[in-house]
Amino acid sequence: MLGSGGREHALAWKLAQSPSVEKFYTSPGNPGIGHHAECVKLDVLDHAAVIQFCGRNRIDLVVVGPEAPLVDGLAESLRSADILVFGPDKAPAQLEGSKGFTKDLCARANIPTAGYVRTTNQSDALAALEKFAIPVVIKADGLAAGKGVIIAETRAQAEEAIEMMFEGGFGDAGAEVVIEEFLTGEEASFFAITDGKNVIPFGTAQDHKRVGEGDIGPNTGGMGAYSPAPVLTTALQKQVMDEIIRPTVDTLAAEGKPYSGVLFAGLMLTETGPQLIEYNARFGDPECQVLMMRLQSDLAAIMLATAKGQLGQISAPEFDTRSALTVVMAAKGYPSTPEKGGKIQNLARAEREGTKIFHAGTAEVDGKLVANGGRVLNVTALGHNTTEAQTKAYAAVDQIDFESGFCRRDIGWREVGRERAV
Ligand code: AMP
Ligand code: GLY
């Protein structure tokens, strides 16, 4: 497996439970992943080196955690060398690598999404802007570590965002810009696994992207999440499968770019139905942690069947009907300049039945665990509903000694509020 975050720790934890997994390696991994896998150092940009490693160690399946190697075409290089891989090729990974690619695909396949214009120069962008109401959404086309989206509340802000992007504010990611209609509603995430032909739903979640309680302040990679997301009712999930996921998979296959791996759809539940905000070509972080906490089926078997194009031959994945909630403990200063090296203690004390602590940015220095990144720990718990999962997750948080860390105390507030109201 490739990756080093909380998402990869959750995948490693689940993979290690698969009877078919004898041994696996993770690059670069982290101290939590090290409990389940041998951590090695590979340069993911050097596809030949990764292929050579797989050959030497007789690797049966490669799991790619993050998006960058997928968008860079690593899965495709591995497939060309006859190595099975969980993750899409370069062309279909453009669903995450290029917002314009996804918008054009939605237009061709009649998938509900916000109205948009794609431009590669500033004057066209400024001219197109006039057709949009305010607020308006300005997006850098390429990968920008989740920071390439600006919601402009005034025309001046929108113009400023466009100028900033074309002046290289997001590097190459902003060489092309997408201007989008602003959608209103509640956001939710939907996951599906596909081998390019067969598609199976793989759970729902909601996350909290802003750093501050009440969902305020700068955007982060995600400060917490829970699964399932009951706002995505069975009827809505069916609608998402029929109107968004299936047309995406079918269109890509018909156009000679079959998508294999997990498809993570960010949705806006608008008054007129679910609309696609964006696709990711990988599991969400920290959404993956709550999905893995609930997954009861054999993850390795699911991933292998996906990689082999045999998803039609396995039974539907089963999830615990309970709720899982994860609280991200981050290093002070995150998301701008997280403090490195802060001591972390008492994880064993905090981890009980139904509670799991996934490592994200941690490191071991002289046998002691320290913070080594922005998001450091994902404290995850199961409960009969979101409220109970929340109570258990915070009880575990309170056992952990991480002085230079912080977390939001309101993860799950929307759902907890709804549960309280009934
Ligand atoms: P993205 O990176 O595309 O997921 O965008 C980041 C966040 O910006 C999303 O999670 C939404 O909160 C918001 N966003 C993106 N596009 C829109 C839109 N068209 N309307 C309203 N909010 C949006
Ligand atoms: N938590 C959002 C993401 O992984 O993109």
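Here is a short report on the structure shown in this document.

Description of the sheet that holds strand E3 (residues 38–39)
- The strand order across the open sheet built from three strands is E1-E2-E3, with neighbouring strands paired in parallel fashion. Each of the sheet's edge strands pairs with one partner strand only, and the pair in question is strand E1 (2–3) and E3.

Re the site of ligand 2
- Every residue near ligand 2 is listed here: Asp207, Gly221, Phe264, Asn280, Arg282, Gly284, Asp285, Pro286 and Glu287.
- Gly221 places a polar main-chain atom, nitrogen or oxygen, 2.9 Å from a nitrogen atom of ligand 2.
- At 2.9 Å from an oxygen atom of ligand 2 is found a main-chain nitrogen or oxygen belonging to Asp285.
- Contact with the protein chains hides 89% of the accessible area of ligand 2, taken as 200 Å² for the molecule alone.

Some points on the packing of helix H6 (residues 99–109) against helix H9 (residues 234–254)
- Between H6 and H9, the shortest axis-to-axis distance is 10 Å and the interhelical angle comes to 95 degrees. Classified by the angle their axes make, H6 and H9 are roughly perpendicular. In this structure, H6 uses Phe101, Leu105 and Ala109 to contact H9, whose residues at the interface are Pro247, Thr248, Thr251 and Leu252.
- Taken together, the residues that form the contact of H6 with H9 break down as five nonpolar, two polar and no charged.

As for the packing of aromatic side chains
- This structure, assessed with the given rule, holds seven aromatic pairs.
- Here Trp13 and Phe358 contribute two aromatic rings whose centre-to-centre distance is 5.4 Å and whose plane-to-plane angle is 70 degrees, an arrangement assigned as edge-to-face. With a gap of 345 residues between them, Trp13 in helix H1 (residues 6–15) and Phe358 in strand E18 (residues 355–359) connect regions that are remote in the sequence. Pair check on accessibility: Trp13 and Phe358 agree, each one buried.
- Sitting above the plane of the Trp13 ring, Lys14 keeps its charged end 5.3 Å from the centroid.

Notes on the sheet that holds strand E7 (residues 136–140)
- Spatially, E6-E9-E7-E8 is the arrangement adopted by the four strands of the open sheet, whose pairing is antiparallel. Two strands in the sheet have a free side with no partner beyond their single neighbour: strand E6 (116–119) and strand E8 (149–152). When the angles between neighbouring strand axes are averaged without regard to direction, this sheet yields 20 degrees.
- Where E7 lies against strand E9 (residues 177–181), five bridges are found, and the strand directions are antiparallel. Looking at E9, one finds that Val137 is bridged to Glu180.
- On top of the sheet, H6 reaches E6, E7, E8 and E9; it is set at about 135 degrees to E6, its chief contact.

Reading guide: rules and limits
- Residues numbered from 1 in each chain as written.
- Chains lettered and ligands numbered in written order.
- Predicted model: local features only at pLDDT ≥ 70, side-chain atom pairs only at ≥ 80, totals over all residues.
- Heavy atoms only, no water.
- Pairing = 2+ DSSP bridges.
- Helix = DSSP H or I, 4+ residues; strand = E, 2+ residues; numbered from the N terminus.
- Near = heavy atom within 4 Å.
- Polar contact = N/O pair within 3.5 Å; in protein donor to acceptor, adjacent residues only side chain to side chain.
- Areas by Shrake-Rupley, 256 points an atom, 1.4 Å probe, with all protein chains shown as cover.
- Axes fitted to C-alpha atoms, helices over the stretch in contact; angles between N-to-C directions.
- Parallel < 35°, antiparallel > 145°, perpendicular 65-115°, else oblique.
- Contact = heavy atoms within 4.5 Å.
- Nonpolar A, V, L, I, M, F, W, Y, C, P; charged D, E, K, R; others polar.
- Phe/Tyr/Trp six-rings, centres within 6.5 Å; stacked < 30°, edge-to-face > 60°.
- Buried < 20%, exposed > 50% of the residue type's maximum accessible area, 1.4 Å probe, protein only.
- Lys NZ or Arg CZ within 6 Å of the ring centre and 35° of its normal.

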